[in-house]
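Residues per chain, in single letters:
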Amino acid sequence: MKFYTLYSFISEQKDFIFNIEDKNKEIFKYFFIPEISINNIKDIKIINSIDVKILEKYDFFPNSLGIPLFSKRAFDLLNEILTNEVLFIKCSIKNSEHLLYAAKFLKFDNIIESEDGMNYIFFLKNSANFKYCAQDIDYSEFLYTKEFIDIIKNNNLNIKVKDN
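A quick note: this is a predicted structure, and the numbers were derived from the prediction, not measured.

Caption draft 1: Spotlight on the sheet that holds strand β5 (residues 99-105). Reading across the sheet, the 4 strands line up as β2-β4-β5-β3 and stay open at both edges, with mixed pairing between neighbours. The open sheet has two edge strands, β2 (43-46) and β3 (69-70), and neither has a second partner. Alignment of β2 against strand β4 (residues 86-93), held across 4 bridges, turns out to be parallel. Bridging across to β4, Ile46 finds its partner in Ile93.

Caption draft 2: Molecular detail of the packing of aromatic side chains. This structure, assessed with the given rule, holds 12 aromatic pairs. Here Phe60 and Phe70 contribute two aromatic rings whose centre-to-centre distance is 5.1 Å and whose plane-to-plane angle is 70°, an arrangement assigned as edge-to-face. Separated by 10 residues along the polypeptide, Phe60 in the loop between α2 (52-57) and β3 and Phe70 in strand β3 bring together distant segments of the chain. No difference in accessibility class separates Phe60 from Phe70, as the two residues are buried. Each member of the aromatic cluster is reached from another via a ring pair, and the members are Phe28, Phe32, Phe105, Phe142, Tyr144 and Phe148. The residue whose ring lies beneath Lys104 is Tyr30, and the NZ or CZ to ring-centre distance is 4.8 Å.

Caption draft 3: Highlighting the pairing of strand β8 (residues 119-122). Here β8 shows a buried face lined by Tyr120 and Phe122 and an unburied face lined by Asn119 and Ile121. Pairing geometry for strand β7 (residues 112-116) and β8, over 4 bridges, is antiparallel. Bridge pairing links Glu115 to Tyr120 in β8.

Caption draft 4: Quick look at the nonpolar core. With 45 residues, the main nonpolar core has Ile44, Phe70, Tyr144 and Phe148 as its most contacted residues. Apart from the residues within four sequence positions on either side, Tyr144 is in contact with Lys2, Phe3, Tyr4, Thr5, Leu6, Phe60, Pro68, Phe70, Phe105, Tyr132, Cys133 and Ile149. Tyr120, Phe130, Ala134 and Leu143 belong to the second-largest nonpolar core, a separate cluster that totals 8 residues.

Caption draft 5: Broad picture of the side chain of Asp59. Tracing the backbone through its elements, the reader meets Asp59 in the loop between α2 and β3. Take Asp59: its relative accessible area is 1%, and that puts it in the buried class. A polar contact is formed between the side chain of Asp59 and the side chain of Arg73, at a distance of 2.4 Å. There is a polar contact of 2.6 Å between the side chain of Asp59 and the backbone nitrogen of Asn158.

Thresholds applied
- Residues numbered from 1 in each chain as written.
- Predicted model: local features only at pLDDT ≥ 70, side-chain atom pairs only at ≥ 80, totals over all residues.
- Heavy atoms only, no water.
- Pairing = 2+ DSSP bridges.
- Helix = DSSP H or I, 4+ residues; strand = E, 2+ residues; numbered from the N terminus.
- Phe/Tyr/Trp six-rings, centres within 6.5 Å; stacked < 30°, edge-to-face > 60°.
- Buried < 20%, exposed > 50% of the residue type's maximum accessible area, 1.4 Å probe, protein only.
- Lys NZ or Arg CZ within 6 Å of the ring centre and 35° of its normal.
- Core = buried A, V, L, I, M, F, W, Y, C linked by side-chain atoms within 4.5 Å.
- Contact = heavy atoms within 4.5 Å.
- Polar contact = N/O pair within 3.5 Å; in protein donor to acceptor, adjacent residues only side chain to side chain.

Have a look at this one:
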């Protein structure tokens, strides 16, 4: 099975453009430490404002926590398809009526065997655990399958894809 990672075209200019409010580290724990039980997070606050043109142009956004953050357009398309693999959480943006959606992965697996510099070495196995996307247990990396990438490309979502 081949895996991909997602990037934003914006990240070529900055590491992240959205700063997520997470004073008690609950959002970080919710996304990156799945064995810790935290009450479901219903709304994530983005504490900086952003140019509306960027929100309308792109469909995937870099942020201070490194969680998958999608546009409303991407959410409308992916929410029903990924219902068994992703829980989308609404993100409010300071001084804006626009919404973004954070993807909380529901499927976890040992996908990455090791790192080689900037590249991952994957276990040579197919996982029946997921069809579109999963989070690696040890590396906490969000990984996507060819089926997911096909959805992005077939629907012209403005998301940069890296072939691992």
